Amino acid sequence: MFITFEGGEGSGKTTCIKRLKTRLEKDGYRVLLTREPGGTPISEEIRNVILDKKNTKMDKRTEALLYAAARRQHLVEKVWPNVKAGKIVICDRYLDSSLAYQGGARGLGIDAVLKMNMFATEGTFPDLTFLFDIDPKLGLARIAKNQAREVNRLDLEKLTFHRSVRKTFLSLAKRYPKRFVVIDASKTPDETLDAVYKALKKRLKKK
Ligand code: TYD
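All values derive from a computational prediction rather than experimental measurement.

Over its 25 residues, helix α3 (residues 60–84) extends 34 Å from the first C-alpha to the last, a length consistent with the 36 Å expected when each residue adds 1.5 Å. For α3, the principal kink sits at L75 and spans about 50°. Listed as buried for α3 are E63, A64, Y67, A68, A70, R71, H74, L75, V79 and N82. Residues of α3 that are buried in the fold lie against β1 (2–7), β2 (31–35), α2 (41–51), β3 (88–92), α4 (95–105) and α5 (110–121). Structurally, the start of α3 carries an N-cap: the backbone nitrogen of R61 is 2.9 Å from a side-chain oxygen of D59.

Right, dumping it as structure tokens:
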């Protein structure tokens, strides 16, 4: 099973994923945690180029192509082999981030970015996607408080950019209602984890 977590900055998805892994392993599942952009040495190198605060000149199509390239390499080296080996692969961000950030907020268009990603992924969609939905004002305030997390090039975008990311994510949840579960990320970490765990167990039982 291939599960992805999506959401705006400071939505708390990364913390939740780590705790979810522990719970699932207690239940006897084999779980692999990974993230995008990154997750393999080549993809991590691409990540550094994309997120470097110095790269203010990066064109938006270049940005979209780099995310897709990192994604492709990560699928080949990590996601596909581990799903095949029977693990639950949980990925912190995937294709929907490109649709929301590059397609929506950067204005490249969802369908154009989807088309490019169909080439990169050969049509690999997650079995399940959790969208951590939060007002970007609240999310960005959380990041500002949490000094452990480094600010990257995309965090530096204006509030309107992050509002557009949120709006696009929510439209994607409507477009793919079977795949998406929307989580209210303004709740406490315990509450969000419970909501995710319950929804996931329901799906795992059906499998
Ligand atoms: P990261 O530090 O991993 O952020 P977070 O902890 O919020 O997941 O940085 C990833 C950044 O890249 C984040 O701002 C979202 C952005 N992004 C895209 O714009 N497009 C994509 O396809 C992906 C995967 C991420």
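The subject of this paragraph is helix α1 (residues 13–26). Over its 14 residues, α1 extends 20 Å from the first C-alpha to the last, a length consistent with the 20 Å expected when each residue adds 1.5 Å. K13, C16, I17, L20 and L24 are the residues of α1 that are buried. All buried residues of α1 fall inside an arc of 100° around its axis, so they share one side. With respect to the buried face of α1, the exposed residues turned more than 90 degrees away are K18 and K26.

A few words now on the site of the ligand. The environment of the ligand is made up of 16 residues, and the closest members are K13, Y67, R93, S98 and Q102. Here E9 contributes a side-chain N or O atom positioned 2.9 Å from an oxygen atom of the ligand. Within the side chain of R71, a nitrogen or oxygen atom sits 2.9 Å from an oxygen atom of the ligand. Here the ligand loses 93% of its free accessible area of 540 Å² to cover by the protein chains. Listed by contribution, the elements that provide at least two residues to the shell around the ligand are α2, α3 and α4. Here the shell around the ligand takes four residues from α4, the largest share from any one element.

Definitions and cut-offs
- Residues numbered from 1 in each chain as written.
- Predicted model: local features only at pLDDT ≥ 70, side-chain atom pairs only at ≥ 80, totals over all residues.
- Heavy atoms only, no water.
- Helix = DSSP H or I, 4+ residues; strand = E, 2+ residues; numbered from the N terminus.
- Expected span 1.5 Å × (residues − 1).
- Bend = angle between axes of the 7 residues up to and from the residue.
- Buried < 20%, exposed > 50% of the residue type's maximum accessible area, 1.4 Å probe, protein only.
- Contact = heavy atoms within 4.5 Å.
- Polar contact = N/O pair within 3.5 Å; in protein donor to acceptor, adjacent residues only side chain to side chain.
- Arc of directions from axis to C-beta.
- Near = heavy atom within 4 Å.
- Areas by Shrake-Rupley, 256 points an atom, 1.4 Å probe, with all protein chains shown as cover.

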